[in-house]
Amino acid sequence: MPKPTRSTPFPPPPGARSYALRTERGEFAVVDSPVAAGVEPRGVALLLPGFTGSKEDFHRLHEPLTARGYRTVAVDGRGQNESDGPADDESPYAQEELARDVLAQAAALGTPLHLTGHSMGGQVARAAVLLDHSPFVSFTLVSSGPAEISESQKQRVKLLHDALAVMTMPDVWAAMQAMGPPEEVGGPARGFGKLEQLELRWLNHKPAQLLVAGRRLCVEPNRVAELAAVPLPLHVLSGARDDTWPVPLLDDMAVELRAHRTVVPGAEHSPNLDKPLQTAHGLADFWDRHPV
């Protein structure tokens, strides 16, 4: 049986449950939303958040996706928000370790999954698919590019990395607030919820996880050719504008992958937050083509 999480300041959407998913690699905090009443079940989706993000970044997708027949399970990765992890030991946050966590989550859910990863979560999901694609029905990259992030975002990540090396998490948060509105990467004050919830999410993150993930985003190799060889239906979804991976780069990646392509008008790096209804329809339209 799912183990309830402690009292959480991040309440799930209506009809969804928050609990600790038990796996062979430990417990992971999830938001699990069942198919809407009276709707024929069509599948299950596992949703992985991005750098400095959390499962709450998918909150606005649950209702429209469950209305289309999809049970949705959004997860905090190791060291993210409400999923535990070491604060200082960086070795458990190596990308292959996180990828094996994803495979363990899939095994614990015990059903074929539509795997979806946003930004850094897309790169972790890609690593999982390259290790073992068999648990998955399809794979969607949401605003997640072929290799390392843009030069402008590398500079932001470096600033965050340097701050974490000499400051406490509360001090870094205060400094970020003083800098003004955050950008998507390196800017954890943007997300779902009130500012005090976003502050708590930031404080919940383990510094070692942020340090490893930030470095990885700046050096991620191009693995598109490897992914193209995987026998799964692939989907590249993004907003119409993206400073982390420019949209033309995502267009080219989709062509190389022979992937279905969805561009969400009016959205930027986080279409799940910017235009959730259109994003949900883009996901469900693709999943409908690839039933379990």
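Placed above this text is the structure.
Conventions used here
Numbering of residues starts from 1 in each chain and follows the order in which that chain's sequence is written. For a predicted model such as this one, the threshold for reporting local features is a pLDDT of at least 70, and the threshold for listing and counting side-chain atom pairs is 80 or more; totals across whole chains, interfaces and linings nevertheless cover every residue. Side-chain metrics rest on all non-hydrogen atoms present in the structure, leaving aside hydrogens and water. Strands here are runs of E lasting at least two residues and helices are runs of H or I lasting at least four, both read from the DSSP assignment and numbered beginning at the N terminus. With C-alpha atoms as the basis for the radius of gyration, the globule rule is written as 2.2 Å multiplied by the number of residues raised to the power 0.38. Classification of residues uses two cut-offs on accessible area relative to the type maximum, computed with a 1.4 Å probe and protein chains only: under 20% is buried, over 50% is exposed, and between them is partly exposed. Contact definition: two residues touch when any of their heavy atoms are within 4.5 Å. Throughout, the Shrake-Rupley method with a 1.4 Å probe supplies accessible areas, and for residues the shown protein chains are the sole cover considered. For this analysis, a polar contact is any N or O atom pair within 3.5 Å, provided that within protein one partner can donate a hydrogen and the other can accept it, and provided that sequence-adjacent residues contribute only side-chain to side-chain pairs. Lines fitted to C-alpha atoms define the axes, with helix axes restricted to the stretch in contact, and inter-axis angles between N-to-C directions lie between 0 and 180 degrees. Any angle from 65 to 115 degrees is called roughly perpendicular, while one under 35 is roughly parallel, one over 145 is roughly antiparallel, and all others are oblique. Should the near helix be turned anticlockwise from the far one by less than a right angle, the crossing is termed left-handed; should it be turned clockwise, right-handed. Under the scheme applied, nonpolar residues are Ala, Val, Leu, Ile, Met, Phe, Trp, Tyr, Cys and Pro; charged residues are Asp, Glu, Lys and Arg; polar residues are all the others, including Gly. What the arc describes is the spread of directions from the helix axis to the C-beta atoms. Think of it this way: DSSP has to see at least two bridges between two strands before they count as a pair. We call a crossover right-handed when, viewed with the strands running away from us, the connection from the first strand over the helix to the second turns clockwise.

J.: Please explain the overall build of the protein chain as it appears in this structure.
T.: A tally of helices and strands in the protein chain yields eleven helices and nine strands. Taking 19 Å as the expected radius of gyration for a compact globule of 292 residues, we find that the protein chain reaches 17 Å, a close match to that expectation. On the principal axes, the C-alpha backbone points of the protein chain span a range of 50 × 45 × 35 Å. Counting every position in the protein chain, which comprises 292 residues, the buried fraction comes to 55%. Within the protein chain, counting contacts between residues at least 6 apart in sequence, those at least 24 apart form 76% of the total. Summing over all exposed atoms, the protein chain offers an accessible surface of approximately 11,900 Å²; the carbon and sulfur share of this is 55%.

J.: Sorry if this is basic, but what is going on with the side chain of H205 here?
T.: Looking at where H205 falls in the secondary structure, it is placed in the loop between α6 (195-204) and α7 (207-219). In this structure the side chain of H205 is engaged in a polar contact, spanning 2.8 Å, whose partner is the backbone oxygen of R201. Not counting chain neighbours up to four residues away, the residues in contact with H205 comprise T52, G53, G79, Q80, N81, M169 and L210.

J.: Help me understand the environment of V102, please; the structure alone is not making it clear to me.
T.: Inspection of the secondary structure assignment puts V102 in helix α2 (residues 95-109). On a C-alpha basis, the gap between V102 and S152 in space is 29 Å, while along the polypeptide they are 50 residues apart. Leaving out residues up to four positions away in the same chain, V102 has contacts with L46, L48, L115, V124, A128 and F136.

J.: What should I look at first to understand the packing of helix α4 (residues 151-166) against α7 in this one?
T.: Helix-helix packing is characterised by the crossing angle of the two axes and by the distance between the axes. At a minimum axis separation of 10 Å, α4 and α7 run at an interaxial angle of 155°. Here α4 lies roughly antiparallel to α7, going by the angle between them. α7 is crossed by α4, and the crossing has left-handed handedness. Listed contacts from α7 to K154, V157, H161 and L164 of α4 are L210, L211, G214, R215 and C218. Classifying every residue of the contact of α4 with α7 gives five nonpolar, two polar and two charged.

J.: Is there a simple way to think about α6 in this case?
T.: The α-helix winds at 3.6 residues per turn, so residues separated by three or four positions along the chain end up facing the same way. All of the buried residues in α6 are L198, R201, W202 and N204. The arc that holds every buried residue of α6, seen down its axis, measures 160°, which confines them to one face.

J.: What should I look at first to understand the pairing of strand β5 (residues 70-75) in this one?
T.: Each regular strand shows side chains that alternate between the opposite faces of the sheet. Burial analysis of β5 places five of its six residues in the buried class, which makes it a mostly covered element. Here strand β3 (residues 26-33) runs beside β5; their pairing, made up of four bridges, is antiparallel. From the neighbouring strand, V31 faces β5, where its bridge partner is A74. Both strand β4 (residues 43-48) and β5 contribute to a ladder of five bridges, which runs parallel. Residue pairing in the sheet places L46 in a bridge with V73 of β5. Between the parallel pair β4 and β5, the chain is carried across by helix α1 (residues 59-67), and the sense of this crossover is right-handed.

J.: Just checking my understanding: could you explain the side chain of E220 for this structure?
T.: Counting through the fold element by element, E220 comes out in the loop between α7 and α8 (224-228). Exposure remark for E220: the relative accessible area of 1% places this residue in the buried category. In this structure the side chain of E220 is engaged in a polar contact, spanning 2.8 Å, whose partner is the side chain of R126.

J.: What's the story with the pairing of strand β2 (residues 17-23) in this structure? I'm lost.
T.: Burial analysis of β2 places five of its seven residues in the buried class, the great majority of the element. Bridging between β2 and β3 involves seven bridges; their strand directions are antiparallel. Its bridge partner being in β3, R17 is matched across the sheet by D32. Between the end of β2 and the start of β3, which pair antiparallel, lie two residues.

J.: Please clarify how the packing of α2 against helix α3 (residues 120-131) should be interpreted in this entry.
T.: One way to put it is that α2 packs onto α3 with a least axis distance of 8 Å and a crossing angle of 75°. One way to sum up the angle between α2 and α3 is to call them roughly perpendicular. Contacts between α2 and α3 involve Q95, E96, L98, A99, R100, V102 and L103 from the former and Q123, V124, A127, A128 and L131 from the latter. Along the lines of polarity and charge, the residues of the contact of α2 with α3 split into eight nonpolar, two polar and two charged.

Purely geometric stuff here, so don't read any function into it on its own.
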